[in-house]
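# Chains, contacts and geometry: an overview
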Amino acid sequence: MPVEAVARAVGTPVYIYSAGAVLARLRELEGAFAGRDPLVCYALKANPNRAVCGLLARAGAGAEVVSGGELRRALAAGFSPRKIVFSGVGKTEEEIRFGLRSRLLAQNVESEEELNRTIAVARRLRLRAPISIRLNPGVEAGGHRHLATGHGAAKFGVAPADALRLCLRARREPSLELKGLHCHIGSQILDPRPFVAALGVVERLLGRLRAAGVRLSLVDVGGGLGVRYEDESRGPAAQTLGPARARLQPAALAKALAPFLSRWPDLGLVLEPGRFLTAEAGLLATRILYRKRIGTSRFLIVDAAMNDLLRPALYSAYHPVVPARLRDVDEVVCDVVGPVCETGDVLARRRRLPWLPAGELLAVLKTGAYGFSMASQYNSRPRPAEVLVEGGRWRVVRERESYRDLVRHER
Ligand SMILES: Cc1ncc(COP(=O)(O)O)c(C=O)c1O
């Protein structure tokens, strides 16, 4: 599918996703854990586009949501409520009520006060709230300090001693149905060992609960499976193609978790990947507006910016950038920058790229996760269009915003 054809029809910047790539990742993950029949709950925050969610829902996946808005999207996209888990440290009363009324698989409770509020809402609604307790296992993991959620200084979940107490309390409370333990330790994790360490803490807790006569029905190990955005040691060609072994391999993760899972054969297994399913399935196509030199620095100024793709500015994230068509043009080392009035509006720093003129198209790769979902209208820039490629065809799955959209809610 020539990116140029889509860009010419839809304009730029535009996110383009591959349905086949998303579904291949889902199958790979399910296959690795096949003996255990895992429920893969797609973390909507990575890419909540309805068409992307619909693909995964039709393929039998569940969803992980962290707000009332994501829950509405998940239900509208066709995910079965019985396959939806609802996390979040700051659920409002309205969100708790909406979650309980929707009859989800589990609401992941992240504090004692949230537990109290959940009990109160469940009593009022006269129903039993299915809950898991989210454990903060005290494990450092993740590709950036903003992505680590499982350590003691992070706001997520409850400490192990508190988790035990809350589970015992939940067990006695008639308006609650204690389903299990939830433990998401971070994002962009490329090594199975932090997952094993976190499950060590989960296991100690499970042992204590069993000793107290409490048996749980599910363990939710969260998401966080990393993709390799950058493999500089292998040179630019390898960066472009993304070597298969660079990701956290589902088979390696399954093997590392196997001892734990074999000791707890009755626990249902939930996984919550976001990035793993969609990151490599997407690119951001952007046109060069200008070339410019200041002293020894060279810049390719493009029509996408940090408002369209925030990850480089927010996390210093690396995304491979390639010309959409191969060109016999001299390469230079340059920065790829957007039009936003921030020095930090750099999509790619110090890259060797062909010194292409205005009008040429670049593709910023591996932007299918936390790309559009983090986009804003900063600098009053309408958000880009989204396109899904499926079965050799493409279609717009979200229109480019208009200038009217920028002021739509203003009075
Ligand atoms: C509770 C929870 N589950 C799953 C995810 C998905 O993480 P990832 O996209 O790294 O798989 C997140 C990400 O923040 C999360 O907070």
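For the structure, see preceding data.
A brief look at the structure comes next. These figures come from a predicted structure and were not determined experimentally.

Taken together, 16 residues sit near the ligand, with S187, G224, E272, R275 and Y370 positioned nearest. At 2.9 Å from an oxygen atom of the ligand is found a main-chain nitrogen or oxygen belonging to G274. Computed on the free molecule, the ligand has an accessible area of 390 Å², of which 92% lies beneath the protein chains in the complex. Placement of the ligand is best described as lying within the largest pocket. Across the shell around the ligand, the residue classes break down as 3 nonpolar, 8 polar and 5 charged.

What follows is about the pattern of salt bridges. All told, the structure shown has 26 salt bridges when counted by the stated rule. The residue E280 makes a salt bridge to R25 at a minimum N-O spacing of 3.0 Å. Pair noted here: E280 is in the loop between helix 11 (275-278) and strand 10 (282-294) and R25 is in helix 2 (residues 19-32), with a separation of 255 residues, a long-range link. The class for E280 is partly exposed, based on a relative accessible area of 23%. You can call R25 buried: its relative accessible area is 15%. A salt bridge links R381 to D308, with the shortest nitrogen-to-oxygen separation between them at 2.9 Å. On the criterion of sequence distance, the pair formed by R381 in the loop between strand 15 (361-365) and strand 16 (385-390) and D308 in the loop between strand 11 (297-302) and helix 12 (311-315) is long-range, its members being 73 residues apart. Classification of R381 by relative accessible area gives buried; the value is 17%. Overall, the relative accessible area of 1% leaves D308 in the buried class.

Moving on to the pairing of strand 11. Relative to strand 11, strand 10 is paired through 6 bridges, and the arrangement is antiparallel. Bridge assignment links K292 to a residue of strand 11, and that residue is F299. Where strand 10 folds back on strand 11, the antiparallel hairpin that results is connected by 2 residues, among which G295 adopts a positive phi of roughly 60 degrees. As paired strands, strand 11 and strand 13 (residues 331-337) are joined by 3 bridges and run parallel to one another. Opposite F299, over in strand 13, you have D335 as the bridge partner.

Right, let's talk about unusual backbone geometry for a bit. With an omega of -5 degrees, the peptide bond running from T12 to P13 counts as cis. Phi is positive for Q188, close to 60 degrees, though the residue is something other than glycine. Take Q188: it is sitting in the loop between strand 7 (176-182) and helix 8 (193-211). Given the relative accessible area of 11%, Q188 is considered buried. For N379, which is not glycine, the phi dihedral falls at a positive 70 degrees. Given the relative accessible area of 33%, N379 is considered partly exposed.

Thresholds applied
Residues numbered from 1 in each chain as written. Predicted model: local features only at pLDDT ≥ 70, side-chain atom pairs only at ≥ 80, totals over all residues. Heavy atoms only, no water. Near = heavy atom within 4 Å. Polar contact = N/O pair within 3.5 Å; in protein donor to acceptor, adjacent residues only side chain to side chain. Areas by Shrake-Rupley, 256 points an atom, 1.4 Å probe, with all protein chains shown as cover. 1 Å grid on protein atoms, 1.4 Å probe; cavity = no way out; pocket = protein on both sides within 12 Å on 5 of 7 lines; lining within 4 Å. Sits in = over half its atoms within 2 Å of the grid points. Nonpolar A, V, L, I, M, F, W, Y, C, P; charged D, E, K, R; others polar. Salt bridge = Lys/Arg side-chain N within 4 Å of Asp/Glu carboxyl O. Helix = DSSP H or I, 4+ residues; strand = E, 2+ residues; numbered from the N terminus. Buried < 20%, exposed > 50% of the residue type's maximum accessible area, 1.4 Å probe, protein only. Pairing = 2+ DSSP bridges.

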